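Tertiary structure, described
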Amino acid sequence: MGLLDDKVVVVTGAGRGIGRGEALECARQGAAVVLNEFDPAVGAGVVDEIKTLGGSAVLVEGDVSDVAVADSLIATAVGEFGRLDGLVNNAGVLRDRTLAKMTPEEWDTVIRVHLRGHYAPTHAALVHWRERGGPGHVVCTASTSGLLGNFGQSNYGAAKAGIAAFAQIVAQETARMGVTCNAIAPAARTRMTE
């Protein structure tokens, strides 16, 4: 018996690192998992891992900052498993460089993947819960880089600070719907941070 028996959870950026760990743990705890991953081969590998463990999982590939992809995540959860209980916003990228050397593309990519990548699936989930009723749970991924700062990460730190604020505001707005929203600020050695 797990903490998430009979629940359905969406995890973004679930192909590697923290997101992969979150997807696997949700499955171990009994949830059916809808994974989002930009790299379809990597995402399919995690789906296979979950199924090998006896769990249920499906993949929605693509850039989670794309509203159509985010909407598809929620539609897939409901279509494949009949419900949506939780959303873990984890997808992220790094483009480390001091601000004086940073290109506009490096700034925009990080802000888009992190901030819009939190907005789009959270918006889709909230529309679902508003129409069908809660409860629901959202977990956002901030970082100590956003809370304390880190050299060469003005783009990443700004995005992660924005996510911390985003989570607080979403929690205020959704409490009456029976939806919780929290932010975590993990530190891990992953392929992205290497």
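For the structure, see preceding data.
First, a word on what this report is: a plain description of the structure on this page. (Residues numbered from 1 in each chain as written. Predicted model: local features only at pLDDT ≥ 70, side-chain atom pairs only at ≥ 80, totals over all residues. Heavy atoms only, no water.)

**What to know about the overall build of the chain**
Formally: Think of it this way: any DSSP run of H or I at least four residues long counts as a helix, any run of E at least two long counts as a strand, and we number them from the N terminus. For the radius of gyration, the atoms used are the C-alpha atoms, and the globule rule reads 2.2 Å times the number of residues raised to 0.38. Burial here depends on accessible area, computed with a 1.4 Å probe over protein chains only, as a share of the maximum for the residue type. Under 20% is buried, over 50% is exposed, and the range in between is partly exposed. Only heavy atoms enter the contact rule, under which two residues are in contact if any of them lie within 4.5 Å. Residue burial considers only the protein chains on display, and all accessible areas are found by Shrake-Rupley using a 1.4 Å probe. Neither His nor the chain ends contribute to the count of charged residues, in which Lys and Arg are positive and Asp and Glu negative. Working definition for charges: the position is that of NZ of Lys, CZ of Arg, CG of Asp or CD of Glu.
On a plain count of helices and strands, the chain comes out with six helices and six strands. For a compact globule of 194 residues, the expected C-alpha radius of gyration is about 16 Å, and the chain comes in at 16 Å, within 12% of that figure. Dimensions of the chain, computed from C-alpha atoms along their principal axes, come out at roughly 50 × 40 × 30 Å. Taking all 194 residues of the chain together, the buried fraction comes to 46%. Within the chain, counting contacts between residues at least 6 apart in sequence, those at least 24 apart form 67% of the total. Per element, the accessible surface of the chain, about 9,600 Å² overall, is 53% carbon and sulfur. Counting 17 positive and 21 negative side-chain charges, the chain places the centres of these two groups 3 Å from one another.

**Description of the layout of surface pockets**
To be explicit about the condition: Cavity and pocket criteria rest on a 1 Å grid covering protein atoms alone: a 1.4 Å probe that fits but cannot get out defines a cavity, protein on both sides within 12 Å along at least 5 of 7 lines defines an open pocket, and an atom within 4 Å of a point defines a lining residue. Grid points are joined across faces, edges and corners, and a volume is the space filled by probe spheres set on the points.
In this structure, the second largest pocket occupies an estimated 280 Å³ of space. Along the wall of the second largest pocket there are 14 residues; nearest its centre are Leu-4, Val-9, Cys-26, Val-88 and Val-139.

**Let's talk about the environment of Val-8**
For Val-8, the location among the structural elements is in strand β1 (residues 8-11). Setting aside residues up to four positions removed in sequence, Val-8 forms contacts with Ala-32, Ala-77, Phe-81, Arg-83, Leu-84, Asp-85 and Gly-86.

**Some points on unusual backbone geometry**
Across the junction of Gly-134 and Pro-135, the peptide omega takes the value 5°, indicating a cis bond. Even without a glycine there, the phi angle at Asp-6 is positive, about 65°.

**Considering the side chain of Lys-160**
Put simply, the test is: One side-chain nitrogen of Lys or Arg within 4 Å of one carboxyl oxygen of Asp or Glu is enough to make a salt bridge. Here a polar contact is recorded for every N or O atom pair within 3.5 Å, except that within protein the pair must consist of a potential hydrogen donor and a potential acceptor, and residues adjacent in sequence are included only if both atoms are side-chain atoms.
Mapped onto the secondary structure, Lys-160 falls in helix α6 (residues 154-174). Buried within the structure, Lys-160 lacks any salt-bridge partner; its nearest side chain of opposite charge belongs to Glu-22, at an N-O separation of 9.4 Å. Within the structure, the side chain of Lys-160 is placed 3.4 Å from the side chain of His-114, a separation counted as a polar contact.

**Some thoughts on helix α1 (residues 17-28)**
Put simply, the rule is: Between the first and last residue of a helix there are one fewer steps than residues, each counted as 1.5 Å, and that sum is the expected span.
Across its twelve residues, α1 extends 17 Å between first and last C-alpha, which sits within 8% of the 16 Å expected from 1.5 Å per residue. On the buried face of α1, the contacting elements are β1, β2 (32-37), α2 (40-52), β4 (86-89) and β6 (179-184). Positive phi shows up at Gly-30, right after α1, with a value of about 105°.

**Description of the environment of Asn-36**
Topologically, Asn-36 is positioned in strand β2. Residue Asn-36 is classed as buried on the basis of its relative accessible area, which comes to 1%. Counting along the chain gives 32 residues from Asn-36 to Leu-4, while the straight-line C-alpha distance between them is 19 Å. The residues touching Asn-36, leaving out its near neighbours within four places in the chain, are Val-11, Thr-12, Gly-13, Ala-14, Gly-15, Leu-59, Val-60, Glu-61, Gly-62, Val-64, Val-69 and Leu-73.

**Quick look at the nonpolar core**
Threshold: Nonpolar cores are built from buried Ala, Val, Leu, Ile, Met, Phe, Trp, Tyr and Cys residues. Side-chain atoms within 4.5 Å join them into one set.
Membership of the largest hydrophobic core comes to 28 residues, with the highest contact counts inside it found for Val-10, Val-34, Leu-84, Trp-129, Val-138 and Cys-140. When contributions to this core are tallied by element, the ones reaching two or more residues are β1, β2, β3 (57-61), α3 (67-81), α4 (104-132), β5 (136-141), α6 and β6. Among the elements that make up this core, the one with the highest residue count is α6 (five residues). Those residues within four positions of Val-138 in sequence are excluded, and the remaining contacts are Leu-87, Asn-89, Thr-122, Trp-129, Val-179, Thr-180, Cys-181 and Asn-182.

**Regarding the pairing of β5**
Which entries qualify depends on this criterion: A pair of strands counts as paired when DSSP detects no fewer than two bridges linking them. Crossovers are marked right-handed if the path from the first strand over the helix to the second runs clockwise, as seen with the strands pointing away from the viewer.
Summarising the sheet, β4 and β5 pair through four bridges and their orientation is parallel. Following the sheet pairing, Leu-87 is matched in β5 by Val-138. In this region the chain leaves β4, passes through α4 and returns to the parallel neighbour β5; the handedness of that crossover is right-handed. Two elements, β5 and β6, share six bridges in a ladder whose sense is parallel.

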